[in-house]
Amino acid sequence: MPEFRMPSLGADMTAGTLLEWLVHEGDPVHRGDVVAVVDTDKAAIEVECFEDGVVDRLLVQPGQKVPVGAALASIRAGEGAVAALETGPAPLETAAAPLEAPAPAGPLVTSPLVRRLAAERGLDLAAVPATGTGGVVHRRDLPQAPAPRTGRVAHRRESVRASPLARRLAAAGGLDLAEIGPGAKDGTVHAADVRRALAGHPTAEPTRAAAPTRPARTAPAARGEAMRRAIGELMERSNREIPHYYLTQSVDLAAAMAWLHQRNRELPVTQRLLPAALLLAATAQAAAQVPQLNGHWRDGGFAPSSTVELGTVVSLRGGGILVPVVHDVANRSVVELMAAARDLAERARAGRLRSSDLRPASLTVSNLGEQGVDSVLGVIHPPQVAMVGFGTVQERPWAVDGLLGVRPVVVVSLAADHRASDGAVGARLLHRIDRLLQRPEEL
């Protein structure tokens, strides 16, 4: 029977603390479903399941710290197990009810995940066409559900000011934000308000055993210290094990900035591009063309990656960094890449990253242009073999065809592992980035 294990959420992670389960024993799960929340030294991460099946047993209780790779739950795998559950007999409490019992007031739901997804999408479960036996609403029914109601309930939901985390906690707990009094002077419902309401809110499923008290998440100060320690240990390991070499190149961005200006005139305001999108796209395509710098050093040798999995360094407001990953970057358009990078940065700073966002990158980019630095000499994130850095785009004197003018210029840097490549290979990567940025329409 397959096991759901504690994932590795970074090269520096050795263990994690299970904060809460979002499923119960007997619940069907599908690939990509968020099933648990795990606390690491850097953040609380939503962990996804990568199997279709049914949760057989939960092997670890909330609050337990377990090493990476330890079994957290067992899953009866396969679509057959899900189908057998979803088309099987009605739930026990329904089958055992007397014949004259009145019909239930609302739809039956197989798992808390269905309620949470419906709440997040603003769906009225009473209006969802149920395909399960006895009117049971399953996850597969939600994509075919009608549009959210436009009446009083929907209006109240939209009119309540609440933080993203507060909305997520309220949806998971089945609470109506309109009934929670805001604790802040600005009239906004925050996560603390929702947690206070949950503490006195009756469970929506009286037939289940009461859930154990959720362990408290790591306090911000303690997490900051733990994050700083974890980052320091990883960088110490990198400097100890990896023989770094560094290269830099100044790149003229006149063509890229002109194209960017023209492209943004055609895009909606919410989709407009920043220079960082072009820099990421050029790096991804260059890495695909110079595969010696796109991969990992494992077991004494270099293993190239078949795709470009680009790690993007995100600085957190409270200090520290996270490195979420944009997957298969070389096959994304610049607009798609901009949207993905913006989404990752927002969710990283809001504490809403998922385990799939932290899968191993094949190359990392650090862009400190917003901080006003000229260049970035990075430290490689093991087991990767390279890191690309970008400084601030600055107006500088620049000679073109013998004429001196002022052009937008960025300094691109490369930190690379001398075990996997040499300076000639590194120079080729920087040259490819430069050439690609001179033809931004091809990115």
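Only a predicted model underlies this, so the values are computations on that prediction, with no experimental measurement involved. (Residues numbered from 1 in each chain as written. Predicted model: local features only at pLDDT ≥ 70, side-chain atom pairs only at ≥ 80, totals over all residues. Heavy atoms only, no water.)

(A) Highlighting the overall build of the protein. Helix and strand content of the protein: 11 helices and 21 strands. The buried share of the protein, taken over its 443 residues, is 43%. Sequence-distant contacts, at least 24 apart, represent 63% of the contacts inside the protein between residues at least 6 apart. Accessible surface, the protein: about 22,200 Å² in total, of which carbon and sulfur atoms supply 54%. (Helix = DSSP H or I, 4+ residues; strand = E, 2+ residues; numbered from the N terminus. Buried < 20%, exposed > 50% of the residue type's maximum accessible area, 1.4 Å probe, protein only. Contact = heavy atoms within 4.5 Å. Areas by Shrake-Rupley, 256 points an atom, 1.4 Å probe, with all protein chains shown as cover.)

(B) View of the sheet that holds strand E3 (residues 28-29). Within the open sheet, the four strands sit side by side as E1-E8-E6-E3. Their pairing is antiparallel. The open sheet has two edge strands with one neighbour each: strand E1 (3-5) and E3. Of the pairings in the sheet, the one linking strand E6 (residues 53-58) to strand E8 (residues 71-77) comprises five bridges and is antiparallel in character. Within the sheet, the bridge partner assigned to arginine 57 lies in E8 and is serine 74. (Pairing = 2+ DSSP bridges.)

(C) Just the confidence of the model for the protein, in detail. Mean pLDDT over the protein works out to 80, with 74% of the residues at or above the 70 mark. Taken as a whole, residues 202-212 scores under 50 in pLDDT and shows eight contacts with residues more than four places along the chain or in a different chain. (pLDDT = per-residue confidence, 0-100.)

(D) How the structure looks around the nonpolar core. Trp21, Leu293, Val388 and Leu437 are the most contacted members of the largest nonpolar core, which has 76 residues in total. In terms of residues, this core owes the most to one element, helix H9 (residues 275-289), which gives nine residues. In this view, leucine 293 contacts Tyr245, Phe302, Ser362, Leu363, Val385, Ala386, Leu414, Ala416, Ser421, Val425, Gly426 and Leu429; residues no more than four positions away in its chain are not counted. In this structure, Leu169, Ala170, Leu175 and Leu177 belong to the second largest nonpolar core, which totals nine residues. (Core = buried A, V, L, I, M, F, W, Y, C linked by side-chain atoms within 4.5 Å.)

(E) Just the pattern of salt bridges, in detail. Tallied over the full model, the rule gives 12 salt bridges. Across the pair arginine 407 and aspartate 252 runs a salt bridge, and its minimum N-O distance is 3.1 Å. With arginine 407 in strand E21 (residues 403-417) and aspartate 252 in strand E11 (residues 244-252), the pair connects residues that are 155 residues apart, well separated along the chain. Note on aspartate 252: relative accessible area 9%, which makes it buried. Connected through salt bridges with shared partners, the residues Glu46, Glu48 and Arg354 form a single ionic network. (Salt bridge = Lys/Arg side-chain N within 4 Å of Asp/Glu carboxyl O.)

(F) Fine view of H9. Taking 1.5 Å of rise per residue, 15 residues should cover 21 Å, and H9 covers 22 Å from first to last C-alpha, within 8% of that figure. With 11 of 15 residues buried, H9 lies mostly within the body of the structure. Residues Ala277, Leu278, Leu279, Leu280, Ala281, Ala282, Thr283, Ala284, Gln285, Ala286 and Ala287 constitute the buried set of H9. Residues of H9 that are buried make contact with helix H8 (254-266), strand E14 (310-312), helix H10 (334-350), strand E18 (363-367), strand E19 (386-390) and helix H11 (423-438). (Expected span 1.5 Å × (residues − 1).)

(G) Focus on the packing of H9 against H10. H10 packs onto H9 with a crossing angle of 110 degrees between their chain directions and a minimal axis gap of 9 Å. Taken together, H9 and H10 sit at an angle that is classed as roughly perpendicular. Contact residues: H9 offers Ala277, Leu278, Leu280 and Ala281, while H10 offers Val334, Leu337, Met338 and Ala341. In terms of residue class, the contact of H9 with H10 is built from eight nonpolar, no polar and no charged. (Axes fitted to C-alpha atoms, helices over the stretch in contact; angles between N-to-C directions. Parallel < 35°, antiparallel > 145°, perpendicular 65-115°, else oblique. Nonpolar A, V, L, I, M, F, W, Y, C, P; charged D, E, K, R; others polar.)

(H) Broad picture of the packing of aromatic side chains. Enumeration according to the criterion identifies one aromatic pair in this entry. Each ring, one from phenylalanine 4 and one from tryptophan 21, has its centre 6.3 Å from the other, and the planes form 55 degrees; the classification is tilted. One end of the pair, phenylalanine 4, is in strand E1; the other, tryptophan 21, is in strand E2 (residues 15-21), with 17 residues separating them in the sequence. Look at tryptophan 21 and you get buried, because its relative accessible area is 15%. (Phe/Tyr/Trp six-rings, centres within 6.5 Å; stacked < 30°, edge-to-face > 60°.)

(I) Seen up close, the environment of serine 250. With respect to the element layout, serine 250 can be found in strand E11. Serine 250 gets classed as partly exposed once you look at its relative accessible area, which sits at 32%. Residues serine 250 and valine 412, spaced 162 residues apart in sequence, show a C-alpha to C-alpha distance of 6.1 Å. The residues touching serine 250, leaving out its near neighbours within four places in the chain, are Arg396, Trp398, Val409, Val410 and Val411.

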